[in-house]
Amino acid sequence: MCIRDRRYRSLADPDAAGIDVEKDFRIRIIPDKNSNTLTIWDTGIGMTKEELINNLGTIAKSGTKAFMEALSSGADISLIGQFGVGFYSAFLVAERVTVISKPPHGSQHRWESTAGGTFSVTDDVQNDDQLTRGTKIILHMKSDNLEFLEEKRIKDLIKIHSEFIGFPIEVYVEKTTEKDISDDEEEANKDNKEEESVIKDEKDEKKEKKKKKVKEVSHEFEQLNKNKPIWMRKPDTVTKEEYAAFYKSLTNDWEEHLAVKHFSVEGQLEFKAVLFVPKRAPFDLFEAKRKKNNIKLYVRRVFIMDDCEELIPEYLGFVKGVVDSEDLPLNISREFLQQNKILKVIKKNIIKKCLELFGEIAENNDDYKKFYEQFAKNLKLGIHEDSTNRAKLAEFLRYHTSKSGEDMISLKDYVGRMKEGQKDIYFITGESRAAVSNSPFIETLKARGIEVLYMVDPIDEYVIQQLKEFDGKKLRNCSKEGFEIDQSEDEKKKFEEQKAAFEPLCKLIKEVLGDKVEKVVVGQRVSESPCVLVTSEYGWSANMERIMKAQALRDASMSSYMVSKKTMEVNPSHPIIVELKKKSDKDKSDKTVKDLIWLLFDTSLLTSGFSLEDPTTFAGRINRMIKLGLSIDDDKMEEEIPNLVKDENYNQSNGHSKMEEVD
């Protein structure tokens, strides 16, 4: 920019920079609707005739002519930046461009072109409007681009793109004021009217002179870029109030920010940034059509874009702020951004600083509680997507546990509270805290005083797919296979004896249930419930199955290979299982035993977090148990339910109990 060049020269050689003829550094914009021109006037270093030819006369050799021809044939305007056209983008809105320029100690020249491949440069000494120093660009607007002469349109563009330019930007605006004048003053101001003698009565002279409002129109220059870029200042010189005011102007938020990070990076790459964490998450935080990020990209204080997806990952899209690079070119294109290594380095540094900012928020429990309520899903999404920073992000997770009450604790706190000899971090997923706290899967753990994490957010299921361990401790799902608890030698011996004793019952249950379960084993995770259904270690849990079934646009074919085979674990110490073993030992074909097995299976489906495939059948079995409890005679029951009794051979050959045939 010529004005910046002049400032640099003025530091080394004030005389050569023409400080004596023009002290001010400014840019003025003058719209003229009468002549349909827009003038951009700076007090920069100006250009000589040779510089005008070299700097502006490159249309024939820079590829711009080809660009203009492509544009006239309907090409995409986004090509700007690929040809390096810069100045010639003016012809998108102007049919003719005139440039008047004068160096500090030289004569004034006029450059003019209609973008047809030719231009002219002439002496402009005879012009009465001589510049002290600098350049005027006069755009003769096309008829369909006159909107750029409107004051509001110009102000909006400057606010978006040049609000933080280091030099005053002034727009020639029209001001209308109202003024009170008397009738006599109005008469005195009238021109080209003959004088008239007025004879007044004495009464009229005593009357007060009437006043009326008259609108006066004036023109003046109004500076638009009064806001200073606070990211250019040192962090210790910016007050909390200044950060709050800047945040509100940047985001249009009515609340102040929760936290701010102001930093600069120097070395091979230079950029400055200010990052804000808001107090509230936007209502459309995870909407597909919303902007992916809220970081505004500037290049040397000139606004470039506010939706650069290469600048910050999607899971940090709630972070708002400004990044100002000294190394990126001004005429940058999206294609250039996607391939630019500078952007990758900036992105890496922004993520690092965001994580530092979250750590600073975590130092205050009240602030972090507010932050986590609003943005916990973003952190968990980051663990799923960002493998590089997964371990760091895991430190910011907070969960309720079987011992924490209403408080949420970190994984680090959990590890610090682990019992001696405990090797794994135990967790359970589910629909709500109430559901998981009463789950049969954690009965033994609670009885032994082992803490269990409650993961009740649907996105937690995706978190644990990626987060396999923390601080060297494996995360163990209480509702899946592979669950083991340290036992003493006596406990191990007793458990082996129970496995051997209940093996016939396990085989019978498997025969009755058929392919509803993969296997039936004696388990050690339940202490109060008769049995539970666990899933394989690498398939969907019951909670994940529920979540996937709720997806409106789910791929139904995925269920065929992701739904886990269920394993029934029976509690050998529970009275129901003990009594069932006794009955089965007496008569394996007892219809009551088979009906109870099916009833246990259905109830364990519910308590384990699964949904019933056929609730009507389950209700029928419950009704039969009620009738048995009320001592309703069997004949009457068979009259009411005629399909209850069938040929015994039929039942055995099909592997179904009579209770199944009720419905």
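1. Details of the overall build of the protein chain
Within the protein chain, the secondary structure is distributed over 26 helices and 21 strands. Out of the 663 residues in the protein chain, the part that is buried amounts to 44%. Sequence separation of at least 24 residues holds for 69% of the intrachain contacts in the protein chain that already meet a minimum separation of 6. For the protein chain, the exposed surface amounts to about 36,900 Å²; the carbon and sulfur share of it is 48%.

2. Thoughts on unusual backbone geometry
Although it is not a glycine, arginine 301 sits at a positive phi angle of roughly 70°. On the basis of relative accessibility, which here comes to 15%, the residue arginine 301 falls in the buried class.

3. Overview of the sheet that holds strand β18 (residues 473-477)
Strand order in the open sheet formed by 5 strands is β14-β16-β15-β18-β17, and the pairing between neighbours is mixed. This sheet does not close on itself; its edge strands, each paired only once, are β14 (400-401) and β17 (469-470). Of the strand pairs in this sheet, strand β15 (residues 425-429) and β18 are connected by 3 bridges, and their pairing is parallel. Residue pairing in the sheet places phenylalanine 427 in a bridge with asparagine 477 of β18.

4. Concerning the side chain of serine 404
Among the secondary structure elements, serine 404 is positioned in the loop between β14 and α13 (411-416). Its relative accessible area of 11% is what places serine 404 among the buried residues. Here the side chain of serine 404 touches aspartate 407 through a polar contact of 2.9 Å, landing on its backbone oxygen.

5. Quick look at the confidence of the model for the protein chain
Parts of the prediction with low pLDDT should not have their coordinates interpreted in detail. Per-residue confidence for the protein chain gives a mean pLDDT of 80, with 79% of residues at or over 70. Throughout residues 3-12 the model reports pLDDT below 50, and contacts reaching past four residues in sequence, or to other chains, amount to 29 contacts. Here residues 76-84 scores under 50 on pLDDT; set against residues more than four positions off or in separate chains, the count is 15 contacts.

6. Quick notes on a positive patch on the surface
Among the surface-exposed residues, Lys240, Lys248, Lys279 and Lys370 lie close enough to one another that they form a single positively charged patch. Summarising the element assignment, lysine 370 is placed in helix α11 (residues 365-385). Its relative accessible area of 49% is what places lysine 370 among the partly exposed residues.

7. Brief notes about the sheet that holds strand β21 (residues 566-570)
The sheet built from 3 strands is open, its strands ordered β19-β21-β20 with mixed pairing. Strands with a single pairing partner mark the edges of an open sheet, and in this sheet they are β19 (519-522) and β20 (531-535). Sheet twist, expressed as the mean angle between neighbouring strand axes with direction ignored, is 30°. Note: β19 against β21, 4 bridges, orientation parallel. Residue pairing across strands places lysine 519 opposite threonine 567, the latter belonging to β21.

8. Some words on the packing of helix α10 (residues 341-362) against α11
One can describe the packing of α10 onto α11 by two numbers: an axis separation of 8 Å at closest approach and a directional angle of 140°. In terms of axis orientation, α10 runs oblique to α11. Of α11, the residues touching α10 (which contributes Phe358, Ile361 and Ala362) are Asn365, Asp367, Tyr368, Phe371 and Leu379. Class assignment of the residues belonging to the contact of α10 with α11 gives a composition of 6 nonpolar, 1 polar and 1 charged.

9. A short note on α10
With 22 residues, α10 extends 32 Å between its outermost C-alpha atoms, agreeing within 8% with the 32 Å of an ideal straight helix rising 1.5 Å per residue. Taken residue by residue, α10 has Leu343, Ile346, Asn349, Ile350, Ile351, Lys353, Cys354, Leu355, Leu357, Phe358 and Ile361 as its buried positions.

Quick notes on the rules
Residue positions within a chain follow its written sequence, with the count starting from 1. For a predicted model such as this one, the threshold for reporting local features is a pLDDT of at least 70, and the threshold for listing and counting side-chain atom pairs is 80 or more; totals across whole chains, interfaces and linings nevertheless cover every residue. Note that the side-chain values use all heavy atoms of the structure and ignore hydrogens as well as water. Working definition: helices are DSSP H or I runs of at least four residues, strands are E runs of at least two. Numbering for both runs from the N terminus. For every residue, the accessible area (1.4 Å probe, protein chains only) is compared with the maximum for its type, and the residue is labelled buried under 20%, exposed over 50%, or partly exposed between those bounds. The contact criterion used is simple: two residues touch if any of their non-hydrogen atoms lie within 4.5 Å. The method behind every accessible area is Shrake-Rupley, applied with a 1.4 Å probe, and residues are considered shielded solely by the protein chains displayed. At least two bridges found by DSSP between two strands is the condition for calling them paired. Think of a polar contact as two N or O atoms within 3.5 Å of one another; within protein, one of them needs to be a possible hydrogen donor and the other a possible acceptor, and neighboring residues in sequence only count if both atoms come from side chains. Every residue is assigned a pLDDT by the predictor, reflecting its confidence on a scale from 0 to 100. Patches here are clusters of residues that have more than 30% relative accessible area and form no salt bridge, with a 9 Å joining cutoff for like charges and a 5 Å cutoff for nonpolar side chains (Val, Leu, Ile, Met, Phe, Trp, Tyr). Criterion for a salt bridge: a side-chain nitrogen of Lys or Arg within 4 Å of a carboxyl oxygen of Asp or Glu. Within this scheme the basic residues Lys and Arg register as positive and the acidic residues Asp and Glu register as negative, but His and the chain ends are omitted. By convention, the charge on Lys lies at NZ, on Arg at CZ, on Asp at CG and on Glu at CD. Structural elements are reduced to axes, namely lines fitted to C-alpha atoms, with helices fitted over the stretch in contact, and the angle between N-to-C directions of any two is expressed from 0 to 180 degrees. Throughout this description, any angle smaller than 35 degrees is read as roughly parallel, any larger than 145 degrees as roughly antiparallel, any in the 65 to 115 degree range as roughly perpendicular, and the remainder as oblique. Under the scheme applied here, ten amino acids are nonpolar (Ala, Val, Leu, Ile, Met, Phe, Trp, Tyr, Cys and Pro), four are charged (Asp, Glu, Lys and Arg), and all others, including Gly, are polar. The span one expects for a helix is its residue count, reduced by one, times 1.5 Å.

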